[in-house]
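# Observations on the three-dimensional arrangement
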Amino acid sequence: MPIARDNAATLFAEGGAGTLRLIFYLALSITVMVVDHHAHYLRALRQMANLVVEPAYRLAALPADVARATRTAVVTQDQLASENRELREQLLLAQARLNRLDALLAQNQRLKGLLDAQHNLGLSVQFARLVDVDLDPFRHRIVLDVGAAQGAQVGQPVIDAHGVMGQLVEVLPNTSVAMLITDPTHAIPVVVERTGLRTIAYGSGATDTLELRDIPRSADIHGGDKLLTSGLGGRFPAGFPVGVVGEVSTDSKGMFIAATARPSAALDRSGEVLLLQEQQQPYGPPAPQEMIGPPAELAGPAPLENQAATGRPPPALSRAAQAGGTTAGASGGMRETSPKTSGQQQPMPPAQGTP
Amino acid sequence: MNRMRLQNWVFSGSLLVAFLLQLMPLPPAAEPFKPYWLGLVVVYWAIETPERMGLGLAFLLGLAGDLLIGELFGEQAMRLVVLAFIVLRFRSRLRFFPLGQQALALLALLLNDRVVTLMVRGFSGEAMPPASFWIAPLVGMLAWPVFYVLLDNLRLRQRAAD
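It should be emphasised that the depicted structure is a prediction, and the values quoted were computed from it without experimental measurement.

Attention shifts here to the overall build of chain A. Across its full length, chain A holds seven helices and twelve strands. When contacts within chain A are restricted to residue pairs at least 6 apart in sequence, those whose partners lie at least 24 apart make up 59%.

Tallying secondary structure elements over chain B gives seven helices and zero strands in all. Going through the 162 residues of chain B one by one, you find that 40% of them count as buried. Put simply, of all contacts in chain B between residues at least 6 apart along the chain, 69% involve residues at least 24 apart.

What follows concerns the pairing of strand E8 (residues 210-216) of chain A. Residues and elements named next belong to chain A. Direction of pairing for strand E7 (residues 198-203) relative to E8: antiparallel, over a ladder of three bridges. Bridge assignment links tyrosine 202 to a residue of E8, and that residue is glutamate 211. Linking E7 to E8, which pair antiparallel, is a turn of six residues; within it glycine 205 sits at a positive phi near 100°. By the bridge criterion, five bridges tie E8 to strand E11 (residues 256-263) in an arrangement that is antiparallel. Pairing of leucine 212 across the sheet is with alanine 259, part of E11.

Right, let's talk about the interface of chain B and chain A for a bit. Contact residues are listed per partner, giving 43 residues for chain B and 45 residues for chain A. Looking at the side of chain B that touches chain A, the elements with two or more residues in it are helix H1 (2-23), helix H3 (55-68) and helix H4 (75-89) of chain B. Split into classes, the residues belonging to the side of chain B that touches chain A amount to 29 nonpolar, six polar and eight charged.

Bringing H3(B) into the picture now. Every α-helical turn comprises 3.6 residues, leaving residues that sit three or four positions apart pointing alike. Between its first and last C-alpha, H3(B) extends 20 Å over 14 residues, near the 20 Å set by a 1.5 Å rise per residue. Of all 14 residues that make up H3(B), eleven are buried, and the element is covered over most of its length. The inward-facing, buried residues of H3(B) abut helix H1 (19-39), helix H2 (41-48) and helix H3 (50-74) of chain A together with H1, helix H2 (37-48) and H4 of chain B.

Moving on, we get to H4(B). Over its 15 residues, H4(B) extends 22 Å from the first C-alpha to the last, a length consistent with the 21 Å expected when each residue adds 1.5 Å. In terms of burial, H4(B) is largely enclosed, as 14 of its 15 residues are buried.

Residue and element names in this part refer to chain A. Within the closed barrel, the six strands sit side by side as E1-E2-E5-E4-E3-E12. Their pairing is antiparallel. Mean inter-strand twist for the sheet, computed between neighbouring axes without regard to direction, equals 45°. The sheet contact formed by strand E3 (residues 157-159) and strand E4 (residues 164-171) spans three bridges and is antiparallel. When the bridges of E4 are listed, valine 158 appears paired with glycine 166.

Read around the closed barrel, six strands run E6-E7-E8-E11-E10-E9 (chain A), paired in antiparallel fashion. Adjacent strand axes in the sheet meet at a mean angle of 40° when their direction is disregarded.

Here the focus is the environment of B:Leu55. Structurally, B:Leu55 can be placed in helix H3. Taking C-alpha positions, B:Leu55 is 5.6 Å from B:Val81, a pair spaced 26 residues apart along the chain.

All names here are of chain B. With respect to the secondary-structure elements, glycine 56 resides in helix H3. According to the C-beta neighbour criterion, glycine 56 is partly exposed, with 19 such atoms within 10 Å. With 24 residues separating them along the chain, glycine 56 and leucine 80 place their C-alpha atoms 10.0 Å apart.

Bringing the packing of H1(B) against H2(B) into the picture now. All names here are of chain B. Interaxial distance between H1 and H2 falls to 8 Å at its minimum, and their mutual angle equals 160°. The orientation of H1 relative to H2 falls into the category roughly antiparallel. Seen from H1, the contacting residues are Phe11, Ser14, Leu15, Ala18, Phe19, Leu21 and Gln22; seen from H2, they are Trp37, Leu38, Val41 and Trp45. Of the residues belonging to the contact of H1 with H2, the class tally is nine nonpolar, two polar and no charged.

What follows deals with the pairing of strand E10 (residues 241-250) of chain A. Residue and element names in this part refer to chain A. With three bridges connecting them, strand E9 (residues 226-229) and E10 associate as antiparallel partners. Its bridge partner lying in E10, lysine 226 is registered against valine 244. Alignment of E10 against E11, held across six bridges, turns out to be antiparallel. Among the inter-strand pairings, threonine 250 is bridged to a residue of E11, identified as isoleucine 257. In sequence, E10 turns back onto E11 through a hairpin of five residues, with glycine 254 there showing a positive phi of about 80°.

Of all residues in chain B, 96% have pLDDT values of 70 or greater, and the mean over the chain is 86. Confidence metrics for the complex model read pTM 0.66 and ipTM 0.84.

Here we come to the confidence of the model for chain A. All names here are of chain A. Averaged over every residue, the pLDDT of chain A is 74; residues scoring 70 or more account for 70%. Here helix H7 (residues 314-345) is the element of chain A with the lowest mean pLDDT, 39, and strand E6 (residues 187-192) is the one with the highest, 92. Predicted confidence for residues 4-15 stays below pLDDT 50, and this span has 23 contacts to residues more than four positions away or in other chains.

Residue and element names in this part refer to chain A. The backbone of aspartate 214 shows a phi angle near 55°, a positive value even though the residue is not glycine. Tracing the backbone through its elements, the reader meets aspartate 214 in strand E8. By the C-beta count within 10 Å, which is 13 here, aspartate 214 ends up partly exposed.

This paragraph deals with the nonpolar core. Grouped together as the largest cluster of nonpolar side chains are 99 residues, with contacts concentrated most on A:Ala201, B:Val42, B:Val43, B:Ala58, B:Leu80, B:Val81 and B:Ala84. Ranked by residues supplied to this core, first place goes to H4(B) with eleven residues. With sequence-adjacent residues up to four places away left out, B:Val42 is seen in contact with B:Met53, B:Ala58, B:Leu61, B:Leu80, B:Leu83 and B:Ala84.

Scoring rules and cut-offs
- Residues numbered from 1 in each chain as written.
- Chains lettered and ligands numbered in written order.
- Predicted model: local features only at pLDDT ≥ 70, side-chain atom pairs only at ≥ 80, totals over all residues.
- Helix = DSSP H or I, 4+ residues; strand = E, 2+ residues; numbered from the N terminus.
- Contact = placed C-beta atoms within 7 Å.
- Buried ≥ 20, exposed ≤ 12 C-beta atoms within 10 Å, placed from the backbone.
- Pairing = 2+ DSSP bridges.
- Nonpolar A, V, L, I, M, F, W, Y, C, P; charged D, E, K, R; others polar.
- Expected span 1.5 Å × (residues − 1).
- Axes fitted to C-alpha atoms, helices over the stretch in contact; angles between N-to-C directions.
- Parallel < 35°, antiparallel > 145°, perpendicular 65-115°, else oblique.
- pLDDT = per-residue confidence, 0-100.
- Core = buried A, V, L, I, M, F, W, Y, C linked by C-beta atoms within 7 Å.

This is the structure:
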């Protein structure tokens, strides 16, 4: 039985719950949802409301931070010593491996030089810390403590010490939200390290499983194979570990092989992560050559007949070259920004459409 | 006058704490067990002071929740409006239920809330959540008596102190 209260019935403090009101608010929320589903203005709204949203995130993360700090404070020296020893051993191992890699890297550079390849192995990263906030246990999102002010951009890959974790889908001024590779709407192009087989690893919705669907039956893949990013799609650079293949079976129709993989990254444990900076894309046309010669201002305005007579038109040509250079630069800039804009329009990686 | 102000403090304080609890992380293994705190607070205030917790406020709280936590703007608004509507409709009965029975009614409410969520996510094309999605309403039911007594105590103590 509804409560009849006809006096103080203002919009936000009405006592009753009439069916008409219910229908009104339901219709309103459905409208809001439909519009947001198509226009994605929640992100824009969150950008505007960041003065409230960011402090709320930090405040909610406070207890977890305090708990971690207390754990560090009360940990015994014994434990610290053993942890220290362990880390030192790991460092030694990593150092040894790095030394060997250095030689390989030098060799690789030499060979690349011979081949005249532009592909760059250099890697610039940015350190980020997880803000311990739970957005929804059934959605695979993490909040990081770097944002637009620290140079984060939508679409940047997020990795940890063991492998790829995901990519940034939303950047606020001082925080950012990343989608993990296990999110059901995420897909990452991978290559099987042993055979070079290219495929796509889809998120499964469980933090410890990736799905590899639609692999041809003739393909050579079995449990224990390592998956690396293939670099196709341009979002994730090539060569980062993604996961290890677990179970391999035929799919329900019997036409393809379906496999599961376990992510390499510690998706549920990492406290610190690395953001990969945007890198020069290794494909596309080379940059236009710089015009060599005296600057155009020095030459001064020369009469056209003169140029025609000498057959060497330095000012006009250099100006034209400059114009060409700027247009080429603009198109180059467009090529660089296009993945970003597409990333903003839809959170899914562009790789999904280009298997 | 003073009492009113204190009441307001408890009211807005409980909402604030619910938002923070909703954001606060649990250990990964315990994450599916987190109850829908925002829903519990809305249900409590709808039962106790319906003149304050109307559908409009539930809607606004849902929008705020979406701003903080959500993926689709309006999802929580819809959930909270449905929750508040059912509670306000059956308020006169719910109020006089013994605590255990109230908790059972809340379980039904929260399960319904999960169904609404599932519907919204299904329509927006999200993947179906795993089976552990259905654990949270049970935890919400178990948490309800403690939650109810705690908030009641806070509210009534101030009335007594006045």
